[in-house]
Amino acid sequence: MKLSVPHLLDIASLTKDDIHLVLDRARVHKQNLAHNRVAPLLQGKVIMTIFTENSTRTRVSFDMAALRLGASLIHWDEKISSAQKGETFSDTIAYLNGYKPDAIITRHHEYNAPSYIAARVDCPVINAGDSYREHPSQALLDAFTVHECKGRLDNLTITIIGDIAHSRVANSNIALWGKLNSRVHVIAPENLQPQKIPDHVKVFSNLREGLEGCDIIMPLRLQKERMEQADIPDETAYFQTYGLTLERLSMAKNDAVVLHPGPMNRGVEIDDMVADDPHFSKIFQQGANGVPVRMAILESLLT
Ligand code: CP
């Protein structure tokens, strides 16, 4: 199984068939993981990670995915690297490429850094999130979880609430749901709304209007690390207007489910009662799905 592209840089460059290929293989990997019968498809491969931003879910689930498939891992960590001694990023990449990794997984604070790396190395590059631009593996695992909950991917309404303007998760989800013929509602205060609004996206500042008729609700954290100080809302006031509570959940369809890419800021964009609700919240199921989906991504680029 192969993607139509040599790297996973963004959702925009994937075909609909690519998306279904990853999700179909992820289903197989999830079954195999459950029955402890994963084939070592990547035995002998060495995967390098290049992270310049913090991560829990993406980093650990990519590591788990690689190790489950029999690959070895090597981590380049900016904080303890010779970048601290003044080495340029392009020189670093040239040296790391010389060690001949079989793939590079990168999270980077710079816009489009994964494409910069891909143009300078001889192996597949996987974008694990760059600036506010794209986080394609997150959108793929979100779609995988939606399929588990709803049994389909088309003709759904996905409502994303919060800091859309600084969110790579929102950008990748917006791109993905357009390709799958579903609609996206975004609900945000004016200064956190997206600048580009594709045809399948509707923008709301009123929570009730944006939640009406939606199947999936995805609140997002305020990404303060990418905000101007003046744009950062007061968290208490923000929760009062946009925080997802059980009462507000009832504005969506009766069978709506809640996802969140993590990390959650409880009491800011989501109430504890929603995050931990055993019926509506699929957030930890979504997180666990990072492993089979990332196994499928690695398989689709490395075999
Ligand atoms: N969802 C997500 O990207 O989480 P991490 O930043 O912990 O990887």
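Coordinates for the structure precede this section.
If you're wondering where the values come from, they're calculated on a predicted model, not measured in any experiment. (Residues numbered from 1 in each chain as written. Predicted model: local features only at pLDDT ≥ 70, side-chain atom pairs only at ≥ 80, totals over all residues. Heavy atoms only, no water.)

1. Overview of the site of the ligand
Lining the immediate surroundings of the ligand are Ser 55, Thr 56, Arg 57, Thr 58, Arg 107, His 135, Gln 138, Pro 261 and Gly 262. Contacts to the ligand include His 135, whose side-chain N or O atom sits 2.9 Å from an oxygen atom. When the ligand is considered free in solution it has 260 Å² of accessible area, and contact with the protein chains removes 91% of it. With respect to the pocket detection grid, the ligand is positioned in the second largest pocket. (Near = heavy atom within 4 Å. Polar contact = N/O pair within 3.5 Å; in protein donor to acceptor, adjacent residues only side chain to side chain. Areas by Shrake-Rupley, 256 points an atom, 1.4 Å probe, with all protein chains shown as cover. 1 Å grid on protein atoms, 1.4 Å probe; cavity = no way out; pocket = protein on both sides within 12 Å on 5 of 7 lines; lining within 4 Å. Sits in = over half its atoms within 2 Å of the grid points.)

2. Regarding the sheet that holds strand β6 (residues 183-187)
Strand order in this open sheet of five strands is β7-β6-β5-β8-β9, and the pairing throughout is parallel. With partners counted over all chains shown, the strands left at the sheet margins are β7 (201-204) and β9 (257-258), one partner each. (Pairing = 2+ DSSP bridges. Helix = DSSP H or I, 4+ residues; strand = E, 2+ residues; numbered from the N terminus.)

3. Description of the layout of surface pockets
Here the largest pocket is characterised by a volume of approximately 600 Å³. Looking at the largest pocket, it is lined by 17 residues, and the ones nearest its centre are Tyr 132, Asn 171, Pro 194, Gln 195 and Lys 196. Grouping the amino acids of the lining of the largest pocket by side-chain chemistry returns eight nonpolar, six polar and three charged. Roughly 430 Å³ of internal volume is contained in the second largest pocket. Lining the second largest pocket are 21 residues, and of these Arg 107, Arg 168, Arg 221, Gly 262 and Pro 263 sit closest to its centre. When contributions to the lining of the second largest pocket are tallied by element, the ones reaching two or more residues are α2 (57-68) and α6 (168-179). Grouping the amino acids of the lining of the second largest pocket by side-chain chemistry returns four nonpolar, ten polar and seven charged. (Points joined across faces, edges and corners; volume = space filled by probe spheres on them. Nonpolar A, V, L, I, M, F, W, Y, C, P; charged D, E, K, R; others polar.)

Function-wise, these values are silent; they only describe arrangement.
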